Amino acid sequence: MEEPEAFGVVVAGSAAVVAVFGVAIFHYNTNAHDVVTVVGAATGVVGTIVGAFFGVKLGASGEKDAEQKRDQAEAKALRYAELLPPETFRQAEAGGQAKVREEVKAR
């Protein structure tokens with residue numbers, strides 16, 4: 001995730017909490033219990049939304065990395081397969097992995 005985007009999400013969440021706090025202070029004047037109740041509820045909701053945003057972004061980033069590593073491993077396996085004799089390759093395709101392992105170990 002780009003830092004400006006993440007910074008914007010944090011600033012927007014903080015601004016929402018400050019706005020709720022300002023409205024609660026104005027509306028409830030000196031009743032601290034009511035102000036804390038309203039701000040606490042708003043903070044929980046905003047915190048959950050911001051946390052979910054970062055969780056989704058982090059998950060998408062992890063998925064992209066995993067796909068890239070899978071593609072690299074597949075390309076590496078294909079390069080190794082190109083080095084096998086044709087008969088060994090056919091056996092591997094036919095499901096003779098044990099035979100292929102034995103032949104590779106014998107080399």
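Residues numbered from 1 in each chain as written. Predicted model: local features only at pLDDT ≥ 70, side-chain atom pairs only at ≥ 80, totals over all residues. Heavy atoms only, no water.

Asks: Any chance you could break down the overall build of the protein chain for me, citing the residues and the numbers?
Replies: Helix and strand counts for the protein chain stand at four helices and zero strands. Reading the secondary structure of the protein chain in the N-to-C direction produces α-α-α-α. In the protein chain, which comprises 107 residues, the share counted as buried stands at 11%. Counted over contacts in the protein chain with a minimum sequence separation of 6, partners at least 24 positions apart contribute 39%. Just so you have it, the protein chain exposes about 8300 Å², and 64% of that area is on carbon and sulfur atoms. (Helix = DSSP H or I, 4+ residues; strand = E, 2+ residues; numbered from the N terminus. Buried < 20%, exposed > 50% of the residue type's maximum accessible area, 1.4 Å probe, protein only. Contact = heavy atoms within 4.5 Å. Areas by Shrake-Rupley, 256 points an atom, 1.4 Å probe, with all protein chains shown as cover.)

Asks: If you had to explain helix α2 (residues 32-83) to someone new, which residues and values would you point to?
Replies: The terminal C-alpha atoms of α2, which comprises 52 residues, lie 76 Å apart, in line with the 76 Å expected from a rise of 1.5 Å per residue. Those residues of α2 not exposed but buried are Val35, Val39, Ala42, Val46, Val50 and Ala81. (Expected span 1.5 Å × (residues − 1).)

Asks: Can you lay out the environment of Ala12 for me, pointing to particular residues and giving the numbers?
Replies: Inspection of the secondary structure assignment puts Ala12 in helix α1 (residues 3-28). Classification of Ala12 by relative accessible area gives partly exposed; the value is 47%. Linking Ala12 and Val50, residues 38 residues apart in sequence, is a C-alpha distance of 9.2 Å.

Asks: Break down the pattern of salt bridges for me, with residues and values.
Replies: For the structure shown, the criterion picks out one salt bridge. Between Asp71 and Arg70 there is a salt bridge, and its shortest N-O distance comes to 3.1 Å. By relative accessible area, Asp71 is classed as partly exposed at 40%. (Salt bridge = Lys/Arg side-chain N within 4 Å of Asp/Glu carboxyl O.)

Asks: Explain the confidence of the model for the protein chain to me, and be specific about the residues and the numbers.
Replies: For the protein chain, the average pLDDT comes to 81, and 90% of its residues sit at 70 or higher. The least confident element of the protein chain is helix α4 (residues 97-106), whose mean pLDDT is 68; the most confident is α2, at 85. (pLDDT = per-residue confidence, 0-100.)

Asks: An account of the environment of Val38 is needed here, citing residue identities and associated values.
Replies: Tracing the chain through its elements places Val38 in helix α2. Between the alpha carbons of Val38 and Phe21 there is a distance of 7.8 Å; along the sequence they are 17 residues apart. When neighbours within four sequence positions are excluded, Val38 is seen to be in contact with Val20, Ala24 and Tyr28.

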